[in-house]
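One-letter residues, chain by chain:
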Amino acid sequence: MGVAIIYMKGYQTFSSIESSTTTKVKGAAYTNFSTKEFNPHLRNIEDYRRIWDVADYVVPPSESGSFFVTTNIVITSNQTQSTCPEDPEIPGAVCDPNNNTCQAGTPTLLGNGMMTGACVTSDINSKTNVCEIYAWCPVEQDLNPLIKNKALLSASKNFTVLIKNFVEFPKFNIRRRNILDTSNKTYLRGCHYHPRTNPACPIFVLGEIVAEAGEDYDAMATKGGVIAIIIEWDCNFDYDENYCIPKYSFRRLDDPKAKLAKGWNFRFANYFSDNTRSLYKVYGIKYVVIVHGKGGKFNFVPLLINIGSGLGLLAVATVIGDIIVLYVLKKRKYYRSKKFQLAFVEDEEGSCKDKTDLAVRKRKNENCNSDCPETFKLNESQQTK
Amino acid sequence: MGVAIIYMKGYQTFSSIESSTTTKVKGAAYTNFSTKEFNPHLRNIEDYRRIWDVADYVVPPSESGSFFVTTNIVITSNQTQSTCPEDPEIPGAVCDPNNNTCQAGTPTLLGNGMMTGACVTSDINSKTNVCEIYAWCPVEQDLNPLIKNKALLSASKNFTVLIKNFVEFPKFNIRRRNILDTSNKTYLRGCHYHPRTNPACPIFVLGEIVAEAGEDYDAMATKGGVIAIIIEWDCNFDYDENYCIPKYSFRRLDDPKAKLAKGWNFRFANYFSDNTRSLYKVYGIKYVVIVHGKGGKFNFVPLLINIGSGLGLLAVATVIGDIIVLYVLKKRKYYRSKKFQLAFVEDEEGSCKDKTDLAVRKRKNENCNSDCPETFKLNESQQTK
Amino acid sequence: MGVAIIYMKGYQTFSSIESSTTTKVKGAAYTNFSTKEFNPHLRNIEDYRRIWDVADYVVPPSESGSFFVTTNIVITSNQTQSTCPEDPEIPGAVCDPNNNTCQAGTPTLLGNGMMTGACVTSDINSKTNVCEIYAWCPVEQDLNPLIKNKALLSASKNFTVLIKNFVEFPKFNIRRRNILDTSNKTYLRGCHYHPRTNPACPIFVLGEIVAEAGEDYDAMATKGGVIAIIIEWDCNFDYDENYCIPKYSFRRLDDPKAKLAKGWNFRFANYFSDNTRSLYKVYGIKYVVIVHGKGGKFNFVPLLINIGSGLGLLAVATVIGDIIVLYVLKKRKYYRSKKFQLAFVEDEEGSCKDKTDLAVRKRKNENCNSDCPETFKLNESQQTK
């Protein structure tokens, strides 16, 4: 009970929070190579000589309370709706020209398109035959591109994100913000969050977020993953509300040790006409901003309730007490004899009957007093009233 | 109380969960017709001879904890910013050339653009006149396209989705995943979830999800809707944590019986230049992954608390007991007379004063016994037993 | 306790809700000017003569439980991957041709691209020199565009949004919808929500939402912001479930008084080829639909529990009672003497020993006072103290 009241602040009412979070990523990365260089097996030669800015690598451009930063990309540019050989890696894609198993009009299992029925030579490996399909052609050749064992956009490690978090404690009608009013514009431009040296700065370096979460950025960037940015508002409004400032913590939210289906990637396309597009398979890190919070203020009701339920426990004491006295102690026999003593109750007719009701017994004593002169008279006097 | 403790696991502390979910849809569908065929009333002849793959039908490409699969589409291709007749179905669009009601510069109510002021012949129905508008032209003709009473992408019924769910029980620092480490890559490629035969497989066939939710896929695909995929982690860590596996359930989250504004659709456009785009009105099923979970482990505190509050109830017993004895029983009059009897308290000065305090009365009796022979005898008789 | 039971409906079990929300915005806006007109300092002359419809200003086209409406836009059209002067406003962009500080191959801090190493004349201000960068060129010139101190799409104030909210109370298996079955199609087309005159209409005018939240639309539209649309289902199913209708309320969720980093904006691009795009910096209002709800129904268990914990409190009464009697009242000395009086217990062997056990003392009095003169004397002696 003491614990419940003092340690767990049992004397406060708590307010939950309404929160809104917006994020803004900054930074640009440059890649300069042709897929030919780092992977001769690629069918489609893609030119990666280009700059990647926010509009390129944040997909979708805005999400509520989270943001995704692309770290690794497989581009399949200039696809058109036409026919081409299916990817040999797709189950059921490989076929035998002499005994054609490609069924026209049915889609390839887990594949990219609809089989035309023809069995043609693969455009990757001239020795294998695959079903021809009607699809966005050429089909993507799914290889995880790496430059020197690093993800293409490993430079994203230096990107920064400004997190604007606004919380309201409706019960107390208090509004707080993670950007302190004390900070000024130049500070906001320059500062970077650091758990010890700069815990109040709302600008985070992506690499440091991942490091704080105990992960290796380059490893994570290759396959992608999910990181939680947890903002904790634990405020005690018995003090000045300016002491109510958020704590940040970071945790990886997907399984780093996953043996199967590791990481996080998805595909999207930019359409240049109804019949031409560039397909992007993007690996990346999704940052989810989770806002926890509660604010406490002194209040009588919870205090009483805690006392109440606490006292419930006291009831146990008496019970246990009796048990010890009556069944454990050496003298238990005697005490028992005293506690349960036989008694007579004299009912209205004045005759005496044996009673087993305990409560009655107690009274019995009282009423046996009847003939101790004082009490007796007194009873009369009472009746005569 | 017993219930609270045993049945409701009152002896455990519970940990909430941090969860992350990523999804990946696979499959391709093929449509092959011109809008002319299945709906002669359409103004814009659209060619639907094309393949639809993930990048086409999952819009937006990634969402946190949910995904949308297009099932029915109205394409309005090659729109340009120019002037054209408004859709006659728009309220206030129809006009009378002799008494022109089209106000230049004001937008049509719920319409597609800005009225130029001209009243022109509709491009759908030559008999009606409509206001000319400056807009993305030609304007969309909103008809729900069906092939043989089925949604265009009814084939999406066979698409599969891999759901990766990772949960953490922070209090116990336990991490679990819905992809069991026991399963291997080939298993993951081949398996399909089934409530009885294959409850551990994280790959779901969309058609079966909808069926499990008790809905008809084709009906739902036509108008769109929302399906909840509920992942339930109810774990008891008093046992081995490998017994902690998720349960899946499925439920439709929008109103199947809605008379009005049924289903779920939205519009988006692919831009081919600043002045040309293709507009897509997509109907589809949004799958929302909801993760519930709690983990329990034995702990003393909650046990005590439950006992405490439980004992509170016992207090009722005595109260009720008295009530019965004093107001219900035949002998109540008598008992009452005994329970409340007038008494004297002899104060320091030794004089007698009338007291109403009950506690005092009790003591009164106790000390007045001194000269009460009966009680004594009675006690003797008892001891001699 | 009474409060807990009657006022706080302590006699009901409550069911949480499963909810799904879909939204659909309607309306079109027209802008007709060249950036030259309203801001001569702009480098890139953009033609804003165009119509903005849903597919243009709702980005991304669909979000779960929220939607974003663009209110202000900075267009940078026809960017290509090439080299151009960096924006002078970027820290570290300005350079001195005589003492070139531009490091080839390193990105500009918070900038748009990768420095080529050259120090060239700015295309905005011919007097300043800036580092040349490889980037999406020309780079955006970030100025908040206003027409007569109003946001470009201030007309969005008249747009409407249809909010479809469906809730389920799993415990009671009751499903409710914010579109009442009583309303018909024409009503749905015509009606607009109003807190007093039309609280049941699910169609909201954006301008009125913001007004209800106590904000000025034009001010908010310029810089952007976040508005919460709160739908409250507080249902008592002891009555007919048709009385279970939602209440709407509106609140701004970001800080209107923020001195720094005010509002909400983000960038996205439309790609017209792998090497050409139009960049959009959009300010706007994000509307987040928050659904709270609980449903109550009579049930015995919670009633008992409340009574139980309530009675716990009663225990306090007796304790306090004694304290008053023994330590506060004028007569306390006397009462104490009565409550704690020394006594003898005659054990089985019949000898008398001094006992400290209180319970025993009571019994002692009942039977043995009579012939123990000591106790009596002792009482006297005590009183004389």
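Residues numbered from 1 in each chain as written. Chains lettered and ligands numbered in written order. Predicted model: local features only at pLDDT ≥ 70, side-chain atom pairs only at ≥ 80, totals over all residues. Heavy atoms only, no water.

### Notes on the overall build of chain A
Step number 1: Within chain A one finds 10 helices and 18 strands.
Step number 2: Expressed as a percentage of its 385 residues, the buried residues of chain A come to 51%.
Step number 3: Contacts spanning at least 24 positions in sequence make up 65% of the contacts within chain A whose residues lie at least 6 apart.
Step number 4: With an accessible surface of roughly 18,000 Å², chain A has 57% of that area assigned to carbon and sulfur atoms. (Helix = DSSP H or I, 4+ residues; strand = E, 2+ residues; numbered from the N terminus. Buried < 20%, exposed > 50% of the residue type's maximum accessible area, 1.4 Å probe, protein only. Contact = heavy atoms within 4.5 Å. Areas by Shrake-Rupley, 256 points an atom, 1.4 Å probe, with all protein chains shown as cover.)

### With respect to the environment of Asn242(C)
All names here are of chain C.
Step number 1: Position of Asn-242 relative to the elements: it lies in the loop between β13 (225-236) and β14 (247-252).
Step number 2: Through-space distance from the C-alpha of Asn-242 to that of Leu-180 is 9.2 Å; in sequence the pair is 62 residues apart.
Step number 3: Looking at Asn-242, its side chain comes within polar contact range of the side chain of Arg-176, at 3.5 Å. (Polar contact = N/O pair within 3.5 Å; in protein donor to acceptor, adjacent residues only side chain to side chain.)

### What about the nonpolar core?
Residues and elements named next belong to chain A.
Step number 1: Residues Phe-169, Leu-206, Ile-209 and Tyr-287 are the most contacted members of the largest nonpolar core, which totals 51 residues.
Step number 2: If you list the elements that add at least two residues to this core, you get β5 (66-85), β10 (160-169), α5 (206-212), α6 (217-223), β13 (225-236), β14 (247-252), β15 (265-273) and β16 (276-298).
Step number 3: Excluding anything up to four places from it in sequence, Tyr-287 contacts Gly-65, Ser-66, Phe-67, Val-69, Leu-206, Ile-209, Val-210, Tyr-217, Ile-227 and Ile-229. (Core = buried A, V, L, I, M, F, W, Y, C linked by side-chain atoms within 4.5 Å.)

### Regarding unusual backbone geometry
Step number 1: Going from Val59(A) to Pro60(A), the amide bond is cis rather than trans, its omega being -10 degrees.
Step number 2: For Pro60(A), the position within the fold is in the loop between α3 (54-57) and β5.
Step number 3: A positive phi angle, near 55 degrees, is found at Asn173(A), a position not held by glycine.
Step number 4: Within the secondary structure, Asn173(A) sits in the loop between β10 and β11 (174-177).
Step number 5: Unlike most non-glycine residues, Asn78(C) shows phi in positive territory, near 50 degrees.
Step number 6: Secondary-structure assignment places Asn78(C) in strand β5 (residues 66-85).
Step number 7: The partly exposed category is assigned to Asn78(C), whose relative accessible area is 48%.

### Concerning the relation of the copies chain C and chain A
Step number 1: Least-squares fitting of chain C to chain A yields an RMSD of 0.4 Å, with the superposition described by an axial translation of 0.1 Å and a rotation of 121 degrees. Here the transformation between the copies is reduced to the relation of a three-fold axis.
Step number 2: Residue by residue, only 5% of the interface of chain C is reproduced at the interface of chain A, so the copies engage with different surfaces. (Least-squares fit on C-alpha atoms with pLDDT ≥ 70 in both.)

### As for empty space enclosed by the protein
Step number 1: Summed over the entire model, instances satisfying the criterion amount to 13 cavities of 30 Å³ or more.
Step number 2: For the second largest cavity, the calculated volume is near 190 Å³.
Step number 3: Along its surface, the second largest cavity is lined by 19 residues, and Phe266(B), Thr23(C), Lys24(C), Val25(C) and Pro61(C) are the ones closest to its centre.
Step number 4: Going through the elements one at a time, β15 (265-273) of chain B together with β2 (18-26) and β5 of chain C are the ones with two or more residues in the lining of the second largest cavity. (1 Å grid on protein atoms, 1.4 Å probe; cavity = no way out; pocket = protein on both sides within 12 Å on 5 of 7 lines; lining within 4 Å. Points joined across faces, edges and corners; volume = space filled by probe spheres on them.)

### Comments concerning the state of the cysteines
Residue and element names in this part refer to chain B.
Step number 1: Using the criterion set out here, one finds 15 disulfides over all chains in the structure.
Step number 2: Cys-95 shares a disulfide with Cys-119; S-S distance 1.8 Å. Looking along the S-S bond of the Cys-95-Cys-119 disulfide, the torsion reads about 100 degrees, which is the right-handed sense. Within this pair, whereas Cys-95 is found in the loop between β5 (66-85) and β6 (114-121), its partner Cys-119 is found in strand β6, the two being separated by 24 residues in sequence. (Disulfide = S-S within 2.5 Å.)

### Side note on the pairing of strand β10 (residues 160-169) of chain B
Within a regular strand, the side chains alternate between the two sheet faces.
Residues and elements named next belong to chain B.
Step number 1: Where burial is concerned, most of β10 is hidden: 10 out of the 10 residues are buried.
Step number 2: Side chains of β10 alternate between two faces, with Thr-160, Leu-162, Lys-164, Phe-166 and Glu-168 and Val-161, Ile-163, Asn-165, Val-167 and Phe-169 buried alike.
Step number 3: Sheet topology places strand β2 (residues 18-26) next to β10; nine bridges connect them, and they run antiparallel. When the bridges of β10 are listed, Glu-18 appears paired with Glu-168. (Pairing = 2+ DSSP bridges.)

### What to know about the packing of aromatic side chains
Step number 1: Scanning all chains against the criterion turns up 47 aromatic pairs over all chains.
Step number 2: Centre to centre, the rings of Trp264(B) and Phe266(B) are 5.5 Å apart; their planes meet at 40 degrees, and the pair counts as tilted.
Step number 3: What makes Phe266(B) buried here is its relative accessible area of 5%.
Step number 4: Ring geometry for Phe68(C) and Phe266(C): centres 5.0 Å apart, planes at 55 degrees, overall tilted. With Phe68(C) in strand β5 and Phe266(C) in strand β15 (residues 265-273), this pair connects stretches of sequence that are 198 residues apart.
Step number 5: Classification of Phe68(C) by relative accessible area gives buried; the value is 0%.
Step number 6: Linked through ring pairs, Phe68(A), Trp264(A), Phe266(A), Phe268(A) and Tyr280(A) together constitute an aromatic cluster. (Phe/Tyr/Trp six-rings, centres within 6.5 Å; stacked < 30°, edge-to-face > 60°.)

### Observations concerning a nonpolar patch on the surface
Step number 1: On the surface, a cluster of nonpolar side chains totalling about 460 Å² of accessible area is made up of Ile323(A), Ile324(A), Tyr327(A), Val328(A) and Leu329(A).
Step number 2: Mapped onto the elements of the fold, Tyr327(A) is located in helix α7 (residues 300-328). (Patch = residues over 30% accessible without salt bridge, like charges linked within 9 Å, V, L, I, M, F, W, Y side chains within 5 Å. Salt bridge = Lys/Arg side-chain N within 4 Å of Asp/Glu carboxyl O.)

### A closer look at the pattern of salt bridges
Step number 1: With the rule as written, the count across this model stands at 33 salt bridges over all chains.
Step number 2: Put simply, Lys157(C) and Asp218(C) hold a salt bridge, and the shortest N to O gap is 3.2 Å. With Lys157(C) in the loop between β9 (150-151) and β10 (160-169) and Asp218(C) in helix α6 (residues 217-223), the pair connects residues that are 61 residues apart, well separated along the chain.
Step number 3: Put simply, Glu18(A), Glu168(A), Arg175(A) and Arg251(C) are held in one network by salt bridges that share partners.

### Some points on the pairing of β15(C)
Residues and elements named next belong to chain C.
Step number 1: Where burial is concerned, most of β15 is hidden: seven out of the nine residues are buried.
Step number 2: In this sheet, strand β16 (residues 276-298) lies alongside β15 in antiparallel orientation, the contact comprising eight bridges. Bridging from a neighbouring strand, Ser-273 pairs with Thr-276 of β16.
Step number 3: Following β15, the chain reverses through two residues before pairing antiparallel with β16.

### With respect to the interface of chain C and chain A
Step number 1: The interface of chain C with chain A comprises 59 residues on the first partner and 50 residues on the second.
Step number 2: Summing the contributions of chain C and of chain A, the shared interface buries around 4,500 Å²; its carbon and sulfur component is 55%.
Step number 3: Where chain C meets chain A, there are four salt bridges.
Step number 4: For Arg251(C), the salt bridge is made with Glu18(A), and the minimal N-O distance between the two is 3.7 Å.
Step number 5: Taken together, the connections running from chain C to chain A amount to 14 residue pairs in polar contact (both at pLDDT 80 or more). (Buried area = accessible area lost by both parts, 1.4 Å probe.)

### Some thoughts on a positive patch on the surface
Step number 1: On the surface, Lys26(A), Lys185(A), Arg189(A), Lys223(C), Lys257(C) and Lys262(C) cluster together into a patch of positive charge.
Step number 2: Structurally, the position occupied by Arg189(A) is in helix α4 (residues 185-190). (Lys, Arg positive; Asp, Glu negative; His and termini not counted. Charge placed at Lys NZ, Arg CZ, Asp CG, Glu CD.)

### A closer look at the side chain of Thr31(C)
Residues and elements named next belong to chain C.
Step number 1: Structurally, the position occupied by Thr-31 is in strand β3 (residues 29-31).
Step number 2: Judged by its relative accessible area of 2%, Thr-31 falls in the buried class.
Step number 3: Here the side chain of Thr-31 touches Tyr-48 through a polar contact of 2.6 Å, landing on its backbone oxygen.
Step number 4: At 2.9 Å, the side chain of Thr-31 and the side chain of Trp-52 are in polar contact.
Step number 5: For Thr-31, the residues in contact, after removing those within four places along its chain, are Tyr-48, Arg-49, Arg-50, Trp-52, Leu-152 and Leu-153.

### Some words on the confidence of the model for chain A
All names here are of chain A.
Step number 1: Model confidence for chain A is summarised by a mean pLDDT of 80, while 78% of its residues fall at 70 or above.
Step number 2: For chain A, helix α10 (residues 373-384) is the element with the lowest average pLDDT, namely 40, and α5 is the one with the highest, namely 96.
Step number 3: Segment residues 342-385: pLDDT under 50, and 69 contacts once partners within four positions in sequence are set aside and those in other chains are kept.
Step number 4: As scored by the predictor, the complex reaches a pTM of 0.80 and an ipTM of 0.77. (pLDDT = per-residue confidence, 0-100.)

### Concerning the side chain of Glu18(B)
Step number 1: Mapping Glu18(B) onto the fold places it in strand β2.
Step number 2: For Glu18(B), a relative accessible area of 10% gives the class buried.
Step number 3: Polar contacts involving the side chain of Glu18(B) include one to the side chain of His292(A), which spans 3.4 Å.
Step number 4: When neighbours within four sequence positions are excluded, Glu18(B) is seen to be in contact with Ile230(A), Arg251(A), Leu253(A), Ile290(A), His292(A), Phe166(B), Val167(B), Glu168(B) and Pro170(B).

### Thoughts on the environment of Arg252(A)
Step number 1: When you line up the elements, Arg252(A) lands in strand β14.
Step number 2: Classification of Arg252(A) as buried rests on a relative accessible area of 5%.
Step number 3: Distance from Arg252(A) to Lys331(A), taken between C-alpha atoms, is 65 Å for residues 79 residues apart in sequence.
Step number 4: For Arg252(A), the contacting residues outside a window of four places in its chain are Ala213(A), Glu215(A), Met220(A), Gly224(A), Gly225(A), Val226(A), Ile227(A), Phe166(B) and Arg175(B).
Step number 5: Of note is the side chain of Arg252(A), whose polar atom sits 2.6 Å from the side chain of Asp254(A).

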